[in-house]
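# Reading the structure
What follows is each chain in one-letter form.
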Amino acid sequence: MILGIDPGARRVGIAVADLETRFARPLEVVDRTSTDVLERVPALVAELEVTVVVVGRPVGLSGRAGPAVTAYAELVEALRARLPIPVEEFDERFTTTIADQGLKAAGGNRSARDSLRDAVAAQVMLQGYLDATRTAALDPESGSWP
């Protein structure tokens, strides 16, 4: 399993994907005011037998680091210190916007959409990571996946 994390100041979206299907799905939203992310993530890693964690890197439209970079960098370093598996980084640009658009298209009330937004944003980020690594893994000679 792969765990995707979309960190925010108040809430952290979490998504998962298995290596066989390589499709991400939203898992949960961690409210930072009531739950310690640095306790919840290692618990999920053990429970789900996660082999890699991917954290969404805040990048602005210009490609430069966004304003949340300090908190993000501290989270990544803390996770790397606590977890016995790789912690990778991936661009999270537009994930919340894409999540909002998808949730609006699916319907439902605003409260329900708001409660899912961060987990869906994590799903979008993790799927982008999976797609990018799948493309990078394509064998150019045979045109197949390794």
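Description of the structure in this document. It should be emphasised that the depicted structure is a prediction, and the values quoted were computed from it without experimental measurement.

Attention now moves to the nonpolar core. Judged by nonpolar contacts, the single largest core of 20 residues is most densely connected at Leu-3, Val-41, Val-45, Val-53, Val-55, Leu-79 and Leu-83. Among the secondary structure elements, those contributing two or more residues to this core are β1 (2–6), β2 (11–17), α1 (37–48), β4 (52–57) and α2 (69–82). Apart from the residues within four sequence positions on either side, Val-41 is in contact with Leu-3, Ile-5, Leu-79 and Leu-83. Core analysis: the second largest hydrophobic core is formed by 11 residues, Ala-17, Ala-24, Ala-122 and Leu-130 among them.

Attention now moves to the sheet that holds β4. Reading across from one edge, β3-β2-β1-β4-β5 is the order of the five strands in this open sheet, with mixed pairing throughout. Unpaired on one side and paired on the other, β3 (24–31) and β5 (87–91) mark the two borders of the sheet. Ignoring strand direction, the axes of neighbouring strands in this sheet form an average angle of 25°. Pairing between β1 and β4: four bridges, direction parallel. Paired with Ile-5 across the strands is Val-55, a residue of β4. Here α1 sits on the sheet in contact with β1, β2, β3 and β4, set at roughly 145° to β3.

What counts, and at which threshold
Residues numbered from 1 in each chain as written. Predicted model: local features only at pLDDT ≥ 70, side-chain atom pairs only at ≥ 80, totals over all residues. Heavy atoms only, no water. Core = buried A, V, L, I, M, F, W, Y, C linked by side-chain atoms within 4.5 Å. Buried < 20%, exposed > 50% of the residue type's maximum accessible area, 1.4 Å probe, protein only. Helix = DSSP H or I, 4+ residues; strand = E, 2+ residues; numbered from the N terminus. Contact = heavy atoms within 4.5 Å. Pairing = 2+ DSSP bridges. Axes fitted to C-alpha atoms, helices over the stretch in contact; angles between N-to-C directions.

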